[in-house]
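Residues per chain are reported as follows:
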Amino acid sequence: ESQIVRQSLIGLNNFDTEETNTKLAEYLSNPEYQSLALRILSDKKKITHLGDKIKGFLDDPNDHKRLAAIKALTLIDPKANSEIFASILENDKNVLARFLAIKALGQSGDTKYIPLLTKFLNSQGTTPKVKDTIINVLRGAFRAYITEKEDGTYQVTTHTKLKQDKTKPQELFR
């Protein structure tokens, strides 16, 4: 029976109807199939009505379910869920969850999270790989200029700030 349900779930990924989404919601309610359903949901684009159900998995002790829920919420609407991603970045102990939250905050495009990302960029506990991801998000999503100071911390300057200060980008690198 487990294999039949698994094939059924995988098959649902190819259809985007109300019936399909209802069936996925049913599988989300079954602990035996939650992880697989969340993985499939994280590949679907039109699952907004399942957002509240998916948010319920963010507190799950199972890392796989939490990570799949983060991916699904990123696909649903990264900007609408940006507060959730900021909370994950600040509070979740799982490095991969924080990594996904960083990427989701970049996809949100919400500049109010630049100080939070900068805080983690300059945090002693942030690994080099996570720092690289933060730098890429800041540069790519927010078009920020990042310079490393002598003390090893980073200064992040956005395009908007440069215009306000009338600073030329090349002046940051002197």
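Residues numbered from 1 in each chain as written. Predicted model: local features only at pLDDT ≥ 70, side-chain atom pairs only at ≥ 80, totals over all residues. Heavy atoms only, no water.

**Focus on the overall build of the protein chain**
- Of regular secondary structure, the protein chain possesses 10 helices and 2 strands.
- Moving toward the C terminus, one meets the helices and strands of the protein chain in the order α-α-α-α-α-α-α-α-α-β-β-α.
- Taking as baseline every contact in the protein chain between residues at least 6 positions apart, the subset at least 24 positions apart corresponds to 52%.
- On the protein chain, roughly 10,200 Å² of surface is accessible, and the fraction owed to carbon and sulfur atoms is 49%. (Helix = DSSP H or I, 4+ residues; strand = E, 2+ residues; numbered from the N terminus. Contact = heavy atoms within 4.5 Å. Areas by Shrake-Rupley, 256 points an atom, 1.4 Å probe, with all protein chains shown as cover.)

**Some words on helix α5 (residues 63-76)**
- Under the 1.5 Å per step criterion, the end-to-end length of α5 is 20 Å for 14 residues, consistent within 8% with the ideal 20 Å.
- Among the 14 residues in α5, 10 count as buried, and that is most of the element.
- Residue asparagine 62 occupies the N-cap position of α5, its side-chain oxygen lying 2.8 Å from the main-chain nitrogen of histidine 64. (Expected span 1.5 Å × (residues − 1). Buried < 20%, exposed > 50% of the residue type's maximum accessible area, 1.4 Å probe, protein only. Polar contact = N/O pair within 3.5 Å; in protein donor to acceptor, adjacent residues only side chain to side chain.)

**A look at the pairing of strand β2 (residues 154-157)**
- The pairing of strand β1 (residues 145-148) with β2 spans 4 bridges and is antiparallel. Counterpart to threonine 147 in the pairing with β2 is glutamine 155. (Pairing = 2+ DSSP bridges.)

**Observations concerning the nonpolar core**
- Among the nonpolar cores identified, the biggest contains 42 residues, and Leu117 and Leu138 are the most heavily contacted of them.
- For this core, the secondary structure elements donating two or more residues are α2 (18-29), α3 (34-41), α5, α6 (82-91), α7 (95-108), α8 (114-121), α9 (128-142) and β2.
- Among the elements that line this core, the one with the most residues is α5, at 7 residues.
- Leave out the neighbours within four places in its chain, and leucine 117 touches Leu89, Ile102, Leu105, Ile134, Val137, Leu138 and Phe142. (Core = buried A, V, L, I, M, F, W, Y, C linked by side-chain atoms within 4.5 Å.)

**Topic: the environment of leucine 117**
- Locating leucine 117 in the fold gives a position in helix α8.
- Sequence separation of leucine 117 and valine 137 is 20 residues, and the distance between their C-alpha atoms is 8.9 Å.

**Some points on α7**
- Here α7 contains 14 residues, and its C-alpha end-to-end distance of 20 Å stays within 8% of the 20 Å for a straight helix at 1.5 Å per residue.
- Among all positions of α7, only Ala97, Phe99, Leu100, Ala101, Ile102, Ala104, Leu105, Gly106 and Ser108 are buried.
- Elements that come into contact with the buried residues of α7 comprise α5, α6, α8 and α9.
- Where α7 begins, the capping side chain belongs to asparagine 94, and its oxygen is found 2.7 Å from the backbone nitrogen of leucine 96.

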